[in-house]
Amino acid sequence: MTDDILRRLVALLERVAAVELDGRPVTETGPDSLRALGLTSVRLMEFLVAVEDEFDLIWDDDVEESVIGSLEGMARYIAEGAAVRAG
Amino acid sequence: MKREGIESWDLAYDGKQDLHETEDGCKLYYEVRGESGPVVTFVSTIYVVSTAWRNFTGGLVDNHRLLTYDLRNQGASESKPADFARHADDLRSLLDGLGIEKTYLVGTSISTLICRDFAVAHPDRVAGLILVGPPLSPKGSSRRRRIAKSWLNALETGGPRALFDLIYPLVFGEKAIAEGGSGAYLALRERFLAMNSTAQLAANLREALEADDKAELLERIPAPTLLLSGDDDFSTTESTLRNVAGLLQSAAVEIIEECGHLPYFERPAEFQDAIARFVASVEGGGFPETFVPRAAGVLV
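The rules behind each value
- Residues numbered from 1 in each chain as written.
- Chains lettered and ligands numbered in written order.
- Predicted model: local features only at pLDDT ≥ 70, side-chain atom pairs only at ≥ 80, totals over all residues.
- Heavy atoms only, no water.
- Helix = DSSP H or I, 4+ residues; strand = E, 2+ residues; numbered from the N terminus.
- Rg over C-alpha atoms; globule rule 2.2 N^0.38 Å.
- Buried < 20%, exposed > 50% of the residue type's maximum accessible area, 1.4 Å probe, protein only.
- Contact = heavy atoms within 4.5 Å.
- Areas by Shrake-Rupley, 256 points an atom, 1.4 Å probe, with all protein chains shown as cover.
- Lys, Arg positive; Asp, Glu negative; His and termini not counted.
- Charge placed at Lys NZ, Arg CZ, Asp CG, Glu CD.

Participant: Break down the overall build of chain B for me, with residues and values.
Facilitator: When you go through chain B residue by residue, the secondary structure sums to 10 helices and eight strands. Computed over the C-alpha atoms, the radius of gyration of chain B is 18 Å, within 12% of the 19 Å expected from 2.2 N^0.38 for a compact globule of 300 residues. Oriented by its inertia axes, the alpha-carbon framework of chain B measures out at about 50 × 45 × 35 Å. Looking at the 300 residues of chain B, the share that counts as buried comes to 58%. When contacts within chain B are restricted to residue pairs at least 6 apart in sequence, long-range pairs at least 24 apart make up 76% of them. Put simply, chain B shows about 11200 Å² of open surface, and 49% of that area lies on carbon and sulfur atoms. Taking the average place of the 31 positive charges on the side chains of chain B and the average place of its 43 negative ones, the gap between the two points comes to 3 Å.

Have a look at this one:
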């Protein structure tokens, strides 16, 4: 499940940050992978909003920085939330 | 919080590296924009690097020459230990190096103290002061130092994230926080953590602890001065600003409604409009009588 979420996250990111990425595929997904892309705060916020829409979740302030800075971390966070919702 | 406000937290150095070397060998990054008009120098504060000012000054660049720079130990300037008083010397050195005889100074938060020190030491070189969210108080430094100490403690015990969590609801106004929601908070937090090291933040906060408000210094400032603040600024109040203005030789107060400690982030249009009106009033020779505050600010 996490791998599928990760693929969707990468696709989403490549769409939202198309200007910054300039056609380069997102290949790094480990720790600090999102931070290392150096997206502007606005682009990062747009990505977070897009993630909310894509995965039907609402971010809260207590999300750890490892989740926001890493694609794999974000995928795990989303998968865990989905598992909780599924009971 | 407007888009340009959020964007401005990004360290957008574009590869251009204009550096000025001070007498003690510290290289300072600076940018000059605008072709003509009075020189307006923006003195950065702990969390606002020189490049960020681009986002807040687009409306001024046609009629003013704008100088922004990174303080030592900040952004693209070199790290070189110094006490707080050194910042005013750095500013004098930079202006000398650029051949600027006289300038308006815009300070924000703790950098208003740098502007104050410079205006006292070099009154003939200051056309006017715009002090934004100044933590100045006729009653001294006690409260400001306690705040800075609590920030330093947060940094030392919890790291940059604990510091960010402490300052975010203080420096941004209620309106901006409500409108930005968790998305703005998380995005700004992520960029803050990516941009600032613990060592750099700690050095800057320790410098802030050294700075002394010395109310008597305000009485020695002859330069026309605009005290500009949001009405939701955690660090000051309109009554405090009126008292500060009463100590200055020539001053006016302008308050921006529903705005926090950083009006340029939250209300960039009003911020630039206030600067433009202030400069025009001073250049016209009629300040403070000809300066009309936009909102309910009081002309002193």
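Structure shown, so let's carry the discussion forward.
Participant: Can you break down helix α3 (residues 111-121) of chain B residue by residue, with the values?
Facilitator: All names here are of chain B. Most of α3 sits out of view: 10 of its 11 residues are buried. Residues of α3 that are buried: Ser111, Thr112, Leu113, Ile114, Cys115, Arg116, Asp117, Phe118, Ala119 and Val120. Buried residues along α3 sit in contact with β3 (39-43), α2 (86-98), β5 (103-108), β6 (126-132), α4 (142-171) and α7 (215-218).

Participant: Go over the environment of A:Ala18 with me, naming the residues and quoting the values.
Facilitator: Residues and elements named next belong to chain A. Take Ala18: it is sitting in helix α2 (residues 18-21). Overall, the relative accessible area of 40% leaves Ala18 in the partly exposed class. Dropping the residues within four chain positions of it, Ala18 is found in contact with Leu13 and Gly23.

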